Amino acid sequence: VQLQACGGGLMQAGGSLRLSCVASGRTFSKNVMGWFRQGPGKEREFVAAISWVGGTPSYADSVRGRFTISRDNAKNTVYLQMNSLKPEDTAVYYCAARGALITVVQRTTSAYVHWGHGTQVTVSS
């Protein structure tokens, strides 16, 4: 699975952005998909993830209630809708995929085997 994220940009605090991640490959519909981010001087951290077998998506505490992850298997795309953005959301955002047919959502970077290039999100105060 190859992943390409886009949709980042510069936004004022309180604004919204939607990130998209387009996947190529035959197994996208059977991959757990996740979003991670890496802020300046910080380690890469979990943001959100969604399984392919249904169930409730998983969110980091810092974004729950503001961000929404969704997927459109027909378009091979996973989205991250980000509302009420804060300066601390500034980071490079990465989409990632777990191995095919794995159903369990995980929050650790090591659980994801496919990574896209990141897209920069900058939130000004």
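Residues numbered from 1 in each chain as written. Predicted model: local features only at pLDDT ≥ 70, side-chain atom pairs only at ≥ 80, totals over all residues. Heavy atoms only, no water.

Attention now goes to the state of the cysteines. If you walk through the whole model with that rule in mind, you get one disulfide. At a sulfur-sulfur separation of 2.0 Å, the disulfide partner of Cys-21 is Cys-95. Across the S-S bond linking Cys-21 and Cys-95, the dihedral sits near 55°, which makes this disulfide right-handed. Remark: Cys-95 occurs in strand 9 (residues 91-97) and Cys-21 occurs in strand 3 (residues 17-24); sequence separation between them is 74 residues. In this structure Cys-21 comes out as buried when scored by relative accessible area, which is 0%. When its relative accessible area of 0% is taken as the criterion, Cys-95 is described as buried. Considering cysteine sulfurs only, Cys-21 is the nearest to Cys-6, which forms no disulfide, with 8.4 Å between them. Looking at Cys-6, the relative accessible area reads 40%, which means it is partly exposed. (Disulfide = S-S within 2.5 Å. Helix = DSSP H or I, 4+ residues; strand = E, 2+ residues; numbered from the N terminus. Buried < 20%, exposed > 50% of the residue type's maximum accessible area, 1.4 Å probe, protein only.)

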